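The primary structure of each chain is shown beneath.
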Amino acid sequence: MSVLVVDDYATMVKIIKTLLQQLGFNNVDAANSGPQALELIGKKEYGLIISDWNMEPMTGLELLKKLRAEEKTSKTPFIMVTAESKTENVIEAKKAGVSNYIVKPFNANVLKEKLTAVLGPF
Amino acid sequence: MGSIQKSTKQAVEAGNQFFSTIQDRAHLTMAELVKVLKNSAKPEFCHDEKHQKERLVLAAQLQAIMDDLEHMVEELNEVRDASAQATDAILELAGNAQQIDGVPEAAVDMMSEIVQHCSFQDITGQRLKKIEKFFARIAGQDIETSDIRKAEDAKGLLDGPALSGDGLSQSDIDRLLNDM
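Residues numbered from 1 in each chain as written. Chains lettered and ligands numbered in written order. Predicted model: local features only at pLDDT ≥ 70, side-chain atom pairs only at ≥ 80, totals over all residues. Heavy atoms only, no water.

For the overall build of chain B, give the residues involved together with the corresponding values.
Per the secondary structure count, chain B includes seven helices and zero strands. Listed N to C, the secondary structure of chain B is α-α-α-α-α-α-α in terms of helices and strands. Going through the 180 residues of chain B one by one, you find that 28% of them count as buried. The contacts of chain B with a sequence gap of at least 6 include a subset with a gap of at least 24, amounting to 64%. (Helix = DSSP H or I, 4+ residues; strand = E, 2+ residues; numbered from the N terminus. Buried < 20%, exposed > 50% of the residue type's maximum accessible area, 1.4 Å probe, protein only. Contact = heavy atoms within 4.5 Å.)

Would you mind going over the packing of aromatic side chains in detail, with residue names and values included?
In the structure shown here, the tally under the stated rule is two aromatic pairs over all chains. For the pair Phe134 of chain B and Phe135 of chain B, a centre-to-centre distance of 6.1 Å together with 45 degrees between the ring planes defines the contact as tilted. (Phe/Tyr/Trp six-rings, centres within 6.5 Å; stacked < 30°, edge-to-face > 60°.)

I'd like a description of the interface of chain A and chain B, backed by residues and values.
Reports of interface size often rely on the accessible area that becomes lost once the parts have come together. Chain A puts 39 residues into the contact, and the matching count from chain B is 40 residues. Counting across the interface, chain A meets chain B through five salt bridges. Ionic pairing is found between Lys114 of chain A and Asp174 of chain B, a salt bridge with its closest N-O pair at 2.9 Å. At the surface where chain A touches chain B, the tally comes to 23 residue pairs in polar contact (both at pLDDT 80 or more). Across the side of chain A that touches chain B, the residue classes tally to 18 nonpolar, ten polar and eleven charged. (Salt bridge = Lys/Arg side-chain N within 4 Å of Asp/Glu carboxyl O. Polar contact = N/O pair within 3.5 Å; in protein donor to acceptor, adjacent residues only side chain to side chain. Nonpolar A, V, L, I, M, F, W, Y, C, P; charged D, E, K, R; others polar.)

Would you mind going over unusual backbone geometry in detail, with residue names and values included?
With an omega of -10 degrees, the peptide bond running from Glu56 of chain A to Pro57 of chain A counts as cis. Take Pro57 of chain A: it is sitting in the loop between strand S3 (48-51) and helix H3 (60-69).

Please set out the pattern of salt bridges residue by residue, giving values where relevant.
The tally for this structure, following the rule as stated, stands at 15 salt bridges over all chains. Lys43 of chain A serves as the salt-bridge partner of Glu39 of chain A, at 3.6 Å between the closest nitrogen and oxygen. Within this pair, Glu39 of chain A and its partner Lys43 of chain A are both found in helix H2 (residues 34-43), separated by four residues, close to a single helical turn. What makes Glu39 of chain A partly exposed here is its relative accessible area of 49%. On the basis of relative accessible area, Lys43 of chain A is assigned to the exposed category, the value being 66%. Residue Lys104 of chain A is joined to Asp122 of chain B by a salt bridge in which the shortest nitrogen-to-oxygen separation is 2.6 Å.

Which residues make up helix H7 (residues 170-179) of chain B, and what values do they have?
Of the positions making up H7 of chain B, those classed as buried are Gln170, Ile173, Asp174, Leu176 and Leu177 of chain B. Take H7 of chain B and look down its axis: the buried residues cluster within an arc of 165 degrees, on one side only. More than 90 degrees from the buried face of H7 of chain B, the exposed residues found are Asn178 and Asp179 of chain B. Residues of H7 of chain B that are buried sit in contact with helix H4 (87-96), strand S5 (100-103) and helix H5 (108-119) of chain A. (Arc of directions from axis to C-beta.)

What follows is the structure, encoded as structure tokens:
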């Protein structure tokens, strides 16, 4: 399965990619912004999108809304991985159609747990 | 209207005007305050030479603080860049070490934990960016922000990492998602 990681912090992309590879996901692409993610999603089908929220110019929430508005990506699993941890954030993300929500900092166990919840056992 | 009522009304109006002026000033950036002070020190607005000097000294002091703030933003940028570079180097070394043939499993697990702990750089980087933006804003520097971000910012959705004890934990979030 192809996974797309979207984060404007290159270090965070490397960390998530490394953790995903340790969990057996070897086909992982990365985008450093919402627009770049949309470009990649336009060319390739992804089975999972893991995105940060706080990015410029397009936020992760806006990216999620755009994907949910498209038939092709309306049901693609989308996990928000973010430092934003207010009740309003979780509610807005859920309303926009997020599949799961991970608050930073997180560890490999949390990532594995959420991936299992979204994708089923792997 | 009696004379007491009239003077009370005038006093209230003057008071309101005074406070709205203070409110207007409260929204000024330091750069704008420096301009206001320099202008108000001009002879056409201020006839008293002593007051003119006081205003110019105050403007110069504010300018010096602004210069210091700009310098602090540069310092914070350096801290952020240096920490990102160091974290990247640690990540790469940990990743490479995991792949060495014959490395004990315990060591591989430790390397994996090192990788996870490197996410501190993302959190501290976001906190530093918040401080940089605050300094830049009060110094009157332009901060470019997209309309999407402005809208979410207005809803209080882009606060960055919460302070210790504030914000929801992962288990709080899980419960909230389950309840929705």
